[in-house]
Amino acid sequence: MKRITVFPGSFDPFTKGHECIIEKALKLFDEVVIAIGQNTSKNYLFDLEHRKNHIKSIFEGNKRVIVQEFSGLTVEFCKSINAEFIVRGLRDSKDFGYERSIAQMNFEISGIESVFFMTDPEFTPINSTIVREIHKSGGSIDLFVTNAEKLVTSI
C-alpha cells in the first residue's frame, strides 16, 4: 500500500522553506499531496490558480508530488485520498507549540498522525507573511521563492 501524506497550507506564497519540507517528506513517503486550503474569510495576495501553478512548476516532472486544493477539515481531506499522515514544517519552538496542539486534535478526531520536519537552518527566518510584505513593497522575493516569476506575474 502506498504511504501518502498531506502537506496542507495556504501557501501564499509557497517558499523555499516549504520546498525543503517536501524534499524531506519524499524520503519517507511514496506520495506527497500539497493541499492548498481554501478559506473564504482569508484575503490572499496571490490567487489560488497562480499559487497552484507556481507550486506545480517547482515539482514539475516529479510524479510523487501532487498539488490539490481543498476546503473543510484537513483530516477529512486526508481520509478522502487515503492519506494516513499530515506533514508539518517547523522553524522553531514557537511553531512546535502551535503545531503540536493541532496535531493532537487532528489525531483525536481522526486517528491521522502528524509528522514534523525541521526546516534547514538557512530557511528558518523565511515566512510567507514577510515574503508577502516584501513583494507588496516592491522588493524581489527571488531569494525566498523558487520560480517566483511564475507567481508574481499573477498580480
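The model shown is predicted, which means the values in this text are computed figures rather than measured ones.

Below, the discussion takes up the packing of aromatic side chains. Enumeration according to the criterion identifies six aromatic pairs in this entry. Taking the centre distance of 5.0 Å and the plane angle of 25° together, the rings of phenylalanine 70 and phenylalanine 77 count as stacked. For phenylalanine 77, a relative accessible area of 9% puts it in the buried group. An aromatic cluster of at least three residues, connected via ring pairs, comprises Phe7, Phe11, Phe14 and Phe59. If you follow arginine 51 out to its NZ or CZ, it ends over the ring of tyrosine 44, 4.1 Å from the centre.

Within the fold, threonine 5 resides in strand 1 (residues 4-9). For threonine 5, a relative accessible area of 0% corresponds to the buried category. A polar contact of 3.5 Å, which involves the side chain of threonine 5, links it to the backbone nitrogen of valine 87. Apart from the residues lying within four places of it in its own chain, the contact partners of threonine 5 are Phe29, Glu31, Val32, Val33, Ala83, Phe85, Ile86 and Val87.

Quick look at the UniProt feature "site: Transition state stabilizer" (unreviewed entry) in the protein chain now. Under the UniProt annotation, the feature "site: Transition state stabilizer" (unreviewed entry) is placed at His18. Given the relative accessible area of 18%, histidine 18 is considered buried. With residues up to four places along the chain from it excluded, the contact list for histidine 18 reads Phe7, Phe11, Pro13 and Ser128.

What follows concerns the pairing of strand 2 (residues 31-37). Of all the seven residues making up strand 2, seven are buried; the element is thus mostly covered by neighbouring parts of the structure. Alternating positions in strand 2 separate into two faces, Glu31, Val33, Ala35 and Gly37 on one and Val32, Ile34 and Ile36 on the other, with burial throughout. For strand 1 and strand 2, the ladder comprises six bridges, and the chain directions are parallel. Within strand 2, the residue paired with valine 6 across the bridge is valine 33. Once the chain exits strand 1 it traverses helix 1 (residues 16-25) before rejoining the sheet at strand 2, and the crossover so formed is right-handed. Alignment of strand 2 against strand 3 (residues 65-70), held across six bridges, turns out to be parallel. Directly across from isoleucine 34, in strand 3, lies its bridge partner valine 67.

Within the structure shown, the criterion is met by nine salt bridges. Between glutamate 31 and lysine 2 there is a salt bridge whose closest N-O contact spans 2.9 Å. With glutamate 31 in strand 2 and lysine 2 in the segment before strand 1, the pair connects residues that are 29 residues apart, well separated along the chain. Taking the relative accessible area as the measure of exposure, lysine 2 reaches 47% and is therefore partly exposed. Measuring nitrogen to oxygen at the nearest pair gives 2.6 Å for the salt bridge that ties lysine 52 to glutamate 69. Within this pair, whereas lysine 52 is found in helix 2 (residues 48-58), its partner glutamate 69 is found in strand 3, the two being separated by 17 residues in sequence. On the accessibility criterion, lysine 52 (13% relative accessible area) is buried. Within the structure, one salt-bridge network assembled from shared partners comprises Glu49, Lys52 and Glu69.

This part takes up helix 5 (residues 128-136). Looking only at helix 5, the buried set comprises Ser128, Val131 and His135. Angularly, the buried residues of helix 5 cover 60° about the axis, an arc narrow enough to put them on a single face. Just downstream of helix 5, glycine 138 is the residue with a positive phi angle, here 90°.

Reading the values: rules and limits
Residues numbered from 1 in each chain as written. Predicted model: local features only at pLDDT ≥ 70, side-chain atom pairs only at ≥ 80, totals over all residues. Heavy atoms only, no water. Phe/Tyr/Trp six-rings, centres within 6.5 Å; stacked < 30°, edge-to-face > 60°. Buried < 20%, exposed > 50% of the residue type's maximum accessible area, 1.4 Å probe, protein only. Lys NZ or Arg CZ within 6 Å of the ring centre and 35° of its normal. Helix = DSSP H or I, 4+ residues; strand = E, 2+ residues; numbered from the N terminus. Polar contact = N/O pair within 3.5 Å; in protein donor to acceptor, adjacent residues only side chain to side chain. Contact = heavy atoms within 4.5 Å. UniProt positions renumbered as here; feature names shortened; annotations may be inferred. Pairing = 2+ DSSP bridges. Right-handed = clockwise from strand over helix to strand, strands pointing away. Salt bridge = Lys/Arg side-chain N within 4 Å of Asp/Glu carboxyl O. Arc of directions from axis to C-beta.

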